[in-house]
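Letter by letter, the chains look like this.
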Amino acid sequence: MECALDAQSLISISLRKIHSSRTQRGGIKLHKNLLVSYVLRNARQLYLSERYAELYRRQQQQQQQQQQQQQQQQPPHHQHQHLAYAAPGIPASAADFGPLQLGGCGDAEAREPAPRHQLHQLHQLHQLHLQQQLHQHQHPAPRGCAAAAAGAPAGGAGALSELPGCAALQPPHGAPHRGQPLEPLQPGPAPLPPPAPAALCPRDPRASAACSAPSVPPGAAPQAAAAASPSTSPAPASSPGFYRGAYPAPSDFGVHCSSQTTVLDLDTHVVTTVENGYLHQDCCASAHCPCCGQGAPGPGLASAAGCKRKYYPGQEEEDDDDEDAGDLEAEPPGVAPFAPCKRARFEDFCPDSSPDASNISNLISIFGSGFSGLVSRQPDSSEQPPPLNGQLCAKQALASLGAWTRAIVAF
Amino acid sequence: MAGAGGGGCPAGANDLQWCFSQVKGAIDEDVAEADIISTVEFNYSGDLLATGDKGGRVVIFQREQENKSRPHSRGEYNVYSTFQSHEPEFDYLKSLEIEEKINKIRWLPQQNAAQFLLSTNDKTIKLWKISERDKRAEGYNLKDEDGRLRDPFRITALRVPILKPMDLMVEASPRRIFANAHTYHINSISVNSDHETYLSADDLRINLWHLEITDRSFNIVDMKPANMEELTEVITAAEFHPHQCNVFVHSSSKGTTRLCDMRSSALCDTHSKFFEEPEDPSSRSFFSEIISSISDVKFSHSGRYMMTRDYLSVKVWDLNMESRPVETHQVHEYLRSKLCSLYENDCIFDKFECCWSGSDSAIMTGSYNNFFRMFDRNTRRDVTLEASRENSKPRASLKPRKVCTGAKRKRDEISVDSLDFSKKILHTAWHPAGNVIAVAATNNLYIFQDKVN
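Residues numbered from 1 in each chain as written. Chains lettered and ligands numbered in written order. Predicted model: local features only at pLDDT ≥ 70, side-chain atom pairs only at ≥ 80, totals over all residues. Heavy atoms only, no water.

1. Observations concerning the packing of helix 1 (residues 7-21) of chain A against helix 2 (residues 30-72) of chain A
Residue and element names in this part refer to chain A.
Phase 1: One way to put it is that helix 1 packs onto helix 2 with a least axis distance of 8 Å and a crossing angle of 150°. In terms of their interaxial angle, helix 1 and helix 2 are classed as roughly antiparallel. The chirality of how helix 1 crosses helix 2 is left-handed. On the side of helix 1, the interface is formed by Ala-7, Gln-8, Leu-10, Ile-11, Ser-14, Leu-15, Lys-17, Ile-18 and Ser-21, while helix 2 contributes Asn-33, Val-36, Val-39, Leu-40, Ala-43, Arg-44, Leu-46, Tyr-47 and Arg-51.
Phase 2: Residues belonging to the contact of helix 1 with helix 2 are distributed by class as follows: 11 nonpolar, 4 polar and 3 charged. (Axes fitted to C-alpha atoms, helices over the stretch in contact; angles between N-to-C directions. Helix = DSSP H or I, 4+ residues; strand = E, 2+ residues; numbered from the N terminus. Parallel < 35°, antiparallel > 145°, perpendicular 65-115°, else oblique. Left-handed = near helix turned anticlockwise from the far one by under 90°. Contact = heavy atoms within 4.5 Å. Nonpolar A, V, L, I, M, F, W, Y, C, P; charged D, E, K, R; others polar.)

2. A few points about the pairing of strand 15 (residues 213-222) of chain B
All names here are of chain B.
Phase 1: In this structure, strand 14 (residues 205-210) lies alongside strand 15, joined through 5 bridges in antiparallel fashion. Along strand 15, the bridge assignment pairs Arg-205 with Asp-222.
Phase 2: Adjacent in sequence and paired antiparallel, strand 14 and strand 15 are bridged by 2 residues. (Pairing = 2+ DSSP bridges.)

3. A closer look at the confidence of the model for chain A
One rule of thumb: low pLDDT means the predicted coordinates there are not for detailed reading.
Residue and element names in this part refer to chain A.
Phase 1: Taken residue by residue, chain A gives an average pLDDT of 50. The fraction at 70 or more is 16%.
Phase 2: Note that residues 138-258 has pLDDT below 50 and, in this model, 320 contacts with residues that lie over four places away or in other chains.
Phase 3: Considering only residues more than four positions removed or in separate chains, one finds that residues 277-411, a stretch of pLDDT under 50, has 317 contacts. (pLDDT = per-residue confidence, 0-100.)

4. Examining the packing of aromatic side chains
All names here are of chain B.
Phase 1: Applying the stated criterion across every chain yields a total of 20 aromatic pairs over all chains.
Phase 2: Each ring, one from Tyr-198 and one from Trp-209, has its centre 6.1 Å from the other, and the planes form 5°; the classification is stacked. Linking Tyr-198 in strand 13 (residues 197-201) with Trp-209 in strand 14, this pair joins segments that are 11 residues apart in sequence.
Phase 3: Take Tyr-198: its relative accessible area is 0%, and that puts it in the buried class.
Phase 4: Judged by its relative accessible area of 2%, Trp-209 is buried.
Phase 5: Judged by centre distance (6.0 Å) and plane angle (10°), the ring pair of Tyr-446 and Phe-448 falls under stacked.
Phase 6: Looking at Phe-448, the relative accessible area reads 1%, which means it is buried.
Phase 7: Among the aromatic residues, those joined into a ring-pair cluster are Phe-20, Phe-372, Tyr-446 and Phe-448. (Phe/Tyr/Trp six-rings, centres within 6.5 Å; stacked < 30°, edge-to-face > 60°. Buried < 20%, exposed > 50% of the residue type's maximum accessible area, 1.4 Å probe, protein only.)

5. Notes on the environment of Glu-327 of chain B
Residues and elements named next belong to chain B.
Phase 1: Here Glu-327 shows up in strand 23 (residues 327-330).
Phase 2: In this structure the C-alpha to C-alpha distance between Glu-327 and Met-307, which are 20 residues apart in sequence, comes to 9.2 Å.
Phase 3: A distance of 2.9 Å separates polar atoms of two side chains, one belonging to Glu-327 and the other to His-329.
Phase 4: In terms of polar contacts, Glu-327 uses its side chain to reach the side chain of Arg-377, at 3.0 Å. (Polar contact = N/O pair within 3.5 Å; in protein donor to acceptor, adjacent residues only side chain to side chain.)

6. Some details on the pattern of salt bridges
Phase 1: Enumeration over the complete set of coordinates arrives at 37 salt bridges over all chains.
Phase 2: The residue Glu-100 of chain B makes a salt bridge to Arg-25 of chain A at a minimum N-O spacing of 2.8 Å. Placement of the pair is Glu-100 of chain B in the loop between strand 7 (96-98) and strand 8 (104-107) and Arg-25 of chain A in the loop between helix 1 and helix 2, with the two residues belonging to separate chains.
Phase 3: By relative accessible area, Glu-100 of chain B is classed as buried at 10%.
Phase 4: A salt bridge links Lys-54 of chain B to Glu-33 of chain B, with the shortest nitrogen-to-oxygen separation between them at 3.2 Å. Placement of Lys-54 of chain B in the loop between strand 3 (48-53) and strand 4 (57-63) and of Glu-33 of chain B in the loop between strand 1 (18-24) and strand 2 (37-42) is noted, with a sequence separation of 21 residues between them. (Salt bridge = Lys/Arg side-chain N within 4 Å of Asp/Glu carboxyl O.)

Take a look at the structure:
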């Protein structure tokens, strides 16, 4: 009756449950999926806090070593030759950041029987998480602990909050901060992922009082050693570099906007096309979405109305997304970028036939954003870094839009 | 009926000696999914016992009249009627299959010779009329005995048809179908004390119906957030107050219960009372949210108390005190350390029901390994009993069972790791007037009675 009560296995178990709920008779059970999402959130929170703790420890060691080396005037040696991520273009630091490195041992993969893609997706989940922090720092969420924790990137010694479930980790002293792109150049200590992990408060995400992360002004001075990286301007502007470097080549994610899934909101009967796990119209609306060219700055929810097909033709119904659209003040983009959306038709809907890997990836990206009340609803894609990778664009869009329930329903 | 509980001093659960009475259902090891019992309910008099299963069928048992010539068949329950209540459906518009599993059955109080009950699956509620036919008219003028029409020219005389007895035939016919009112899965129905209205609750909404009107229902609770991202809790159960026709409660997945008064406003989103026990922060775990989710809520017969069942405990609340329950009974606390495994095998999502005894002196709920637990509220004692074929000798007393949590296992105790989690008792019912209980163990229905002392 023993089971591995570690966060990573819980996350994979939970995702498997959600995934299999798609095919269960009787449709998606809202109650069960909600409970599983709570477990997922709790496990993710613990996992991330553990990883950050590990990274912090490692960062400390590396800094000490670096200082010793500098004092001894020895040539710097690469700390990251043992990268598990061999994808070209992956900066050492980012790979160090990956799940295989985090956790402190190369046998992480051996220990974890889950397929490699799950770990990869955990990494993506983590990246998504960071991106949320960037948003929240820029635009403090009106609710949620994440807001409180978002202001804790720089300075101070890293400290794990003792509050149950709230781990407002701060990056170690002198670590590079948000806005510090992770370039493969520096041989020195790996820059930490810029912001602290979100302090995900248990139970009531609105109880921001439970999270005590001191807020720090953005754009704190980056670590000198890692100054090899280019800009150090406040987060969003420079985070493009971070993400540009951090993500594997787009080819790893397959063709952008290639696979489609259709989601149906049970109540409003709005059919929306979701591609590669994100809302196509939002991706296209992003200014830098590669497939759709230039679009409106915002996620373009309001403008996406044209892409959403009402289930009953001729009936215009309020969509849940209208609230998000209202927040955004997005201008409607040009017609051209949405041409691909119009191809999506309900009749074309086919059950997702991709292998499990991409399904789970979709689910993770959805869940990364959709934990009820945890993430800020501020979409703010206008300040998003222009990602080269469509997958990241997807995650960002979803981070703000969520609607995991809608997506689940369609699954 | 024989046994205590009728009048005078009500006996507690532990003053009685529970004995096996009957078991219904197949004995095979392989249980067909469709035969798994999904709901059990006595009617108001206790003479009828209805069960619903995953295959959409309803089986009604009727209690035999006590017979001097057969003293041993002390009120046995025998099959009275069987009918297919719900069929599997497919919602083509949403590409969703609708299970035929009967989620709940609720009886209506008897008003004439026929019996009425409401049965529901995930989406549709049906009102069934169960009526007996034990006489047949013979001697019609216009048709002959086979039913064929007689040639009018051959009719030369008139006669009055006479009623002749026939074998009892019980017919079930659907009288009302209440459909298309729920987007999410219906988890509860509850008949109001006015006997004219009833409520149906799904994950996010509660609707009020009139028994005569099928094309309209009123939404009285709506917990759907404007943005589904913000969903944090769902409705798990709802019930009308037994005497006050304007009061109902609904429980949530967050471990809270709300009491609402329909007189205050048309939409009862704001509660009149809010019952929540603060969480103990030291017992926080990954699964805290799951185990605090309330799976069942039941008013006491008196209407003064209500009982909520969450995964590990059952709590009795005084309706006048919202801050904490007046009683908390641990059902299977030894499972707290096994939550991770229970999460993996999905058992942590099991929804156990609970029930009051007729006099409200005792409460009962199910557990795993075909165990069920009874708590006597007066004597504060509890007992664990087992529903198994091994203890199925007629009138055999049930022996209390014990689960041992430590390393040293005494004789007759069973260790936590030996529990069979596939044998779970989710549905139990207690006779409204006497000490008869019905316990559903997967595909078998066990009936236990108290021993005549």
